[in-house]
Amino acid sequence: MPSETAAQLGGLDLIRAALHKAARELDWKFGTYGAGGGQGLTTLIGIHDKREIPEPYAKVVEEHRQRQMRAAVDRMSARYSALDGSAPASSPPLRGTPVVQTKEFLAAVADHGLLA
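Residues numbered from 1 in each chain as written. Predicted model: local features only at pLDDT ≥ 70, side-chain atom pairs only at ≥ 80, totals over all residues. Heavy atoms only, no water.

## Remarks on the overall build of the protein
For clarity, the threshold we go by: Under the DSSP-based scheme used, a helix requires at least four consecutive residues in state H or I and a strand at least two consecutive residues in state E, with every element numbered from the N terminus. Type-normalised accessible area, obtained with a 1.4 Å probe on protein chains alone, sets the label of each residue: buried when under 20%, exposed when over 50%, and partly exposed for intermediate values. Any two residues having at least one pair of non-hydrogen atoms within 4.5 Å are treated as being in contact. To measure how exposed things are, a 1.4 Å probe is used in the Shrake-Rupley method; for residues, cover is taken only from the protein chains shown.
Summing up its helical and strand segments, the protein has 4 helices and 2 strands in all. Ordered by position in the sequence, the α and β elements of the protein form the string α-α-β-β-α-α. Buried residues in the protein amount to 16% of all 116 residues. The contacts in the protein between residues at least 6 apart in sequence include a share of 39% that link residues at least 24 apart. Surface summary for the protein: the accessible area is close to 8800 Å², and the carbon and sulfur share equals 59%.

## Thoughts on the nonpolar core
Note the cut-off: Think of a nonpolar core as a cluster: buried Ala, Val, Leu, Ile, Met, Phe, Trp, Tyr and Cys residues, connected wherever their side-chain atoms sit within 4.5 Å.
Judged by nonpolar contacts, Ala-6, Leu-9, Ile-15, Ile-45, Leu-106 and Val-109 together constitute the single largest core of 6 residues. Apart from residues no more than four positions distant in its own chain, Ala-6 is found in contact with Met-1, Gly-11, Ile-15 and Thr-43.

## So, unusual backbone geometry
One non-glycine residue, Asp-27, adopts positive backbone phi at about 60°. Tracing the sequence through the fold places Asp-27 in the loop between helix 2 (12–25) and strand 1 (30–35). A residue is classified by how much of its surface remains accessible, and Asp-27, at 64% relative accessible area, is exposed.

## Remarks on the pattern of salt bridges
For clarity, the cut-off: The salt bridge criterion pairs a side-chain nitrogen of Lys or Arg with a carboxyl oxygen of Asp or Glu, the two atoms within 4 Å.
In the structure shown here, the tally under the stated rule is 2 salt bridges. Across the pair Glu-25 and Lys-21 runs a salt bridge, and its minimum N-O distance is 2.3 Å. With Glu-25 and Lys-21 both in helix 2 and 4 residues apart, this pair spans about one turn of that helix. In this structure Glu-25 comes out as exposed when scored by relative accessible area, which is 57%. The shortest N-O distance in the salt bridge between Glu-62 and Arg-65 comes to 3.9 Å. With a gap of 3 residues between them, Glu-62 and Arg-65 both fall in helix 3 (residues 55–83), about one helical turn apart. Residue classification places Glu-62 among the partly exposed positions, given a relative accessible area of 35%. Given a relative accessible area of 47%, Arg-65 falls into the partly exposed group.

## As for the confidence of the model for the protein
Fine structural detail should not be taken from predicted coordinates in areas where pLDDT scores are low. Short version of the rule: Residue-level confidence of the predictor, termed pLDDT, takes values from 0 up to 100.
Per-residue confidence for the protein gives a mean pLDDT of 75; residues scoring 70 or more make up 74%. Averaged pLDDT values over the elements of the protein bottom out at 72 in strand 1 and peak at 83 in helix 2.

This is the structure we're talking about:
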């Protein structure tokens, strides 16, 4: 997310603390990551769920991972095509990407009046 957005949400440390609290309440085995950018840069924050995937859901999770990998390959192919002039220079962000997820999250936060 843009660093300005992270600041609006309380900053990297507060967001990571909220992730830790939520994960503990869910009894997850987890790790968090975060890297703050400067003014105008991107802040990356996330949580990694380290629990075993229950058997009934393993197939769905694997299919999701494969779709995500295909989408990443498609994005990279589109970017390289744009560089060599064989495709338009920009394409809209794909659903499920961090850019789209951040916009959807911020819209939900704004709808509930939670943005500072």
